There are 2 protein chains.
Amino acid sequence: MKLTILGCHSATPSINANPTAQVLEIKNNMFLIDCGEGTQVELRRNKIKFSRIKHIFISHLHGDHYFGLVGLVNTFSLLTRETELHIYAPKGLKEVILLQMKLSASWTQYPLIFHELSSDASELIYEDDKVEVYTIPLKHRVYTNGFLFKEKENERKIDINLVTEANIDKAYFRKLKQGFDVENEDGVLINNKKVTKDPKPAKSYAYCSDTIYNEDIIPIIKDSTVLYHESTFLDKNEALCIPTKHSTAKQAATIAKKANVETLILGHYSTRYNGYNDFKTEAKTVFNNVLLSKDGKTFNFD
Amino acid sequence: MKLTILGCHSATPSINANPTAQVLEIKNNMFLIDCGEGTQVELRRNKIKFSRIKHIFISHLHGDHYFGLVGLVNTFSLLTRETELHIYAPKGLKEVILLQMKLSASWTQYPLIFHELSSDASELIYEDDKVEVYTIPLKHRVYTNGFLFKEKENERKIDINLVTEANIDKAYFRKLKQGFDVENEDGVLINNKKVTKDPKPAKSYAYCSDTIYNEDIIPIIKDSTVLYHESTFLDKNEALCIPTKHSTAKQAATIAKKANVETLILGHYSTRYNGYNDFKTEAKTVFNNVLLSKDGKTFNFD
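Residues numbered from 1 in each chain as written. Chains lettered and ligands numbered in written order. Predicted model: local features only at pLDDT ≥ 70, side-chain atom pairs only at ≥ 80, totals over all residues. Heavy atoms only, no water.

> Please clarify how empty space enclosed by the protein should be interpreted in this entry.
Once rolled over the atoms, a probe with the size of a water molecule shows which space is left empty. What the rule picks out here adds up to three cavities of 30 Å³ or more. In terms of lining residues, the largest cavity is bounded by Tyr66, Phe67, Val70, Ile97 and Gln100 of chain A together with Tyr66, Phe67, Leu69, Val70, Val96, Ile97 and Gln100 of chain B. At the level of secondary structure, the elements contributing two or more residues to the lining of the largest cavity comprise helix 3 (93–103) of chain A together with helix 2 (69–78) and helix 3 (93–103) of chain B. Broken down by element, the lining of the largest cavity gets its largest block of residues, three residues, from helix 3 of chain B. Its residues assigned to classes, the lining of the largest cavity shows 10 nonpolar, two polar and no charged. (1 Å grid on protein atoms, 1.4 Å probe; cavity = no way out; pocket = protein on both sides within 12 Å on 5 of 7 lines; lining within 4 Å. Points joined across faces, edges and corners; volume = space filled by probe spheres on them. Helix = DSSP H or I, 4+ residues; strand = E, 2+ residues; numbered from the N terminus. Nonpolar A, V, L, I, M, F, W, Y, C, P; charged D, E, K, R; others polar.)

This is how it looks when you write it as structure tokens:
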């Protein structure tokens, strides 16, 4: 599992501060999460192949999270993409994109499929053999979802020497990988754990931006490997969180602790601050394993 | 008159190639012309004060000419702008912007005034004491206008020694500046040219992008000081101009010659070419005074 931060700043793009966008590589998927203005250039800068992006998740319809999407959709067309593109976003975005296509008299020649979100409860919105994606309902000034990306449980690993010794036929290997006990050639029931090893634990990534401090999300993100939680402000500016519906670094860390995640990544910094070390210092008073996002930074969780 | 090129490339933005946007400084106005994705960052990079931009002219609704507008409008709000902003653009853009504002539940607190264009004839769309702006109907795949920015004729310059010598009362200075002959204190009619000097000639800037080769624009742009004419392709790719409705460098130069402009600036280069000197070489076979636009370049015409 690998996460590349294309942009981690709030509000407006500037020369050295990109608005929100990130790419999560998980089990051969390349998921684009949010798409602020300039994202297509940041994808190029980070050498991420456009053709590998097949699913885009948009948290909410504030510009710093989606103004780069129409340009990316358009560029895919100009590059004669043929692969399907799925967009998971709040209801309304489809209308925005289609209106602009209509006005430019140019439609994508590749299938563009919108999955419009409007539920206030967490729901499964994507699933393949190895990954599931759920929404995380957040509380912000407009309808907003975070996203939980979960690897499915990996299969148990067969120890080839032990299964041969135990005289188990190949036809049962599938069952063994799934954790079942099986009979051997002599009709003896073999305990699964005697011939298989525990799989690598399944990883998960919870993306929560933008949101006010909200403990309702804890059951959904519980025990995640990595939590990205917005920290727009420092504790000294906590009062700003109420009208803007954002969080402080300390609040992000509190959620991380209560949800028992392994690692917390902070981001969506307000551009009012010079440097972001104070965010880390503040969060670490509550939760130990804190990382700072930075435009162009890649985190590897393998 | 000063022109800053923020972007001069066609189609999609990339690391070193910005889509179309430029700023024309003319008689104290700061006009933004087109606004591709990333324009707000380029404005910052070129140290152009956001508050000085009061009028934005959008040629047509292809993304590489306007995808940066909604972000700029939004940023002006976040910066608590109060000054009016006027947008001159094809019908449809207002709907695009307002829809996105509605979805983000955030309206500008400054007056945002749309001037929707739909006429196929050249029309006066802006006028103040010193400048006029006309549309230049272009032929492209969608409804498109170029823009002609014209300084009004400057006033004649009074030679203070000569008017004193000629015994002309101050009350007549206004008339003298306007070019009239006036009576002096002794009742003698004084020939204007004897006591005033010719003003600096009025300048004009014709912006023509995107368009197929079209001689219909010649009467409108005739004798302009500067013509920016798109040159998406080189002559060797002229065949591409028909389906895409673009021009070659040679065609741009032919328009410049026939319209008797002083200077031609080329731009809107297709990103298929490496380097742009061939554009200049090609145009110079037809018209002598050719400049190449480049992202971040400023041309001074004073």
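> Explain the nonpolar core to me, please; I cannot follow it from the model alone.
Inside soluble globular proteins, nonpolar side chains tend to come together where they are buried. In this structure, Ile87 and Leu93 of chain A together with Ile87 and Leu93 of chain B are the most contacted members of the largest nonpolar core, which totals 63 residues. Broken down by element, the residue count for this core peaks at six residues, all from helix 3 of chain B. In this view, Leu93 of chain B contacts Ile58, Leu61, Tyr66, Leu69, Ile87, Phe114 and Glu116 of chain B; residues no more than four positions away in its chain are not counted. (Core = buried A, V, L, I, M, F, W, Y, C linked by side-chain atoms within 4.5 Å. Buried < 20%, exposed > 50% of the residue type's maximum accessible area, 1.4 Å probe, protein only. Contact = heavy atoms within 4.5 Å.)

> Please explain the sheet that holds strand 17 (residues 290–292) of chain A as it appears in this structure.
In sheet architecture, strand pairing relies on hydrogen bonds along the backbone and comes in two forms, parallel and antiparallel. Residue and element names in this part refer to chain A. Taken in spatial order, the seven strands line up as 7-8-9-14-15-16-17 in an open sheet, and their pairing is mixed. Looking along the sheet, the strands with just one partner apiece sit at the ends: strand 7 (124–127) and strand 17. Geometrically, the sheet is characterised by an average inter-axis angle of 20° between neighbouring strands, direction not taken into account. Where strand 14 (residues 204–208) meets strand 15 (residues 226–230), four bridges bridge the pair, whose relative direction is parallel. Each residue of the ladder has a partner; that of Tyr205, found in strand 15, is Val226. Across the face of the sheet, helix 10 (residues 277–284) comes into contact with strand 16 (263–267) and strand 17 while running at roughly 170° to strand 17. (Pairing = 2+ DSSP bridges. Axes fitted to C-alpha atoms, helices over the stretch in contact; angles between N-to-C directions.)

> Is there a simple way to think about the relation of the copies chain B and chain A in this case?
Put simply, the two copies of the chain differ by a rotation about an axis and a shift along that axis. Its rotation angle being 180°, the transformation that places chain B on chain A also includes 0.0 Å of axial translation and leaves an RMSD of 0.1 Å. Taken together, these values place the two copies in the relation of a two-fold axis. Among all C-alpha atoms of chain B, that of Gly38 of chain B lies closest to the rotation axis, at 3.0 Å. A shared binding surface is used by both copies, with 100% of the interface residues of chain B retained as interface residues in chain A. (Least-squares fit on C-alpha atoms with pLDDT ≥ 70 in both.)

> Teacher, can you tell me more about the interface of chain B and chain A here?
One frequent convention defines the size of an interface as the accessible area lost when the parts assemble. Contacts between chain B and chain A engage 32 residues on the former and 32 residues on the latter. On the chain B side of the interface with chain A, the three residues burying the most area are Glu37, Phe67 and Leu103 of chain B, jointly 21% of the side's total. Applying the counting rule to chain B against chain A returns zero salt bridges. Where chain B touches chain A, the interface holds nine residue pairs in polar contact (both at pLDDT 80 or more). Among the secondary structure elements, those contributing two or more residues to the side of chain B that touches chain A are helix 1 (39–45), helix 2 and helix 3 of chain B. Among the residues making up the side of chain B that touches chain A, the classes are represented as 14 nonpolar, 13 polar and five charged. (Buried area = accessible area lost by both parts, 1.4 Å probe. Salt bridge = Lys/Arg side-chain N within 4 Å of Asp/Glu carboxyl O. Polar contact = N/O pair within 3.5 Å; in protein donor to acceptor, adjacent residues only side chain to side chain.)

> Can you help me understand the packing of aromatic side chains in this one?
For any pair of aromatic rings, the description consists of the separation of the ring centres together with the inter-plane angle of the planes. Residue and element names in this part refer to chain A. Following the criterion strictly, the structure yields 34 aromatic pairs over all chains and no others. Each ring, one from Tyr269 and one from Tyr276, has its centre 4.0 Å from the other, and the planes form 10°; the classification is stacked. Look at Tyr269 and Phe279: their rings are 5.0 Å apart centre to centre, the planes differ by 65°, and that puts the pair in the edge-to-face class. A residue pair is termed long-range when its members are at least 10 positions apart, and Tyr269 in the loop between strand 16 and helix 10 and Phe279 in helix 10 qualify at 10 residues. For the pair Tyr269 and Phe279, a shared accessibility class is recorded, and that class is buried. Three or more aromatic residues joined by ring pairs make a cluster, and in this case those are Phe31, Phe57, Tyr88, Tyr126, Phe147, Phe149 and Tyr205. We note Arg81 situated over the ring of Phe76; from NZ or CZ to the ring centre the distance is 4.5 Å. A cation over an aromatic ring shows up here: Lys175 above the ring of Phe180, its NZ or CZ 4.6 Å from the ring centre. (Phe/Tyr/Trp six-rings, centres within 6.5 Å; stacked < 30°, edge-to-face > 60°. Lys NZ or Arg CZ within 6 Å of the ring centre and 35° of its normal.)

These results come straight from atomic positions and should not be treated as a statement about function.
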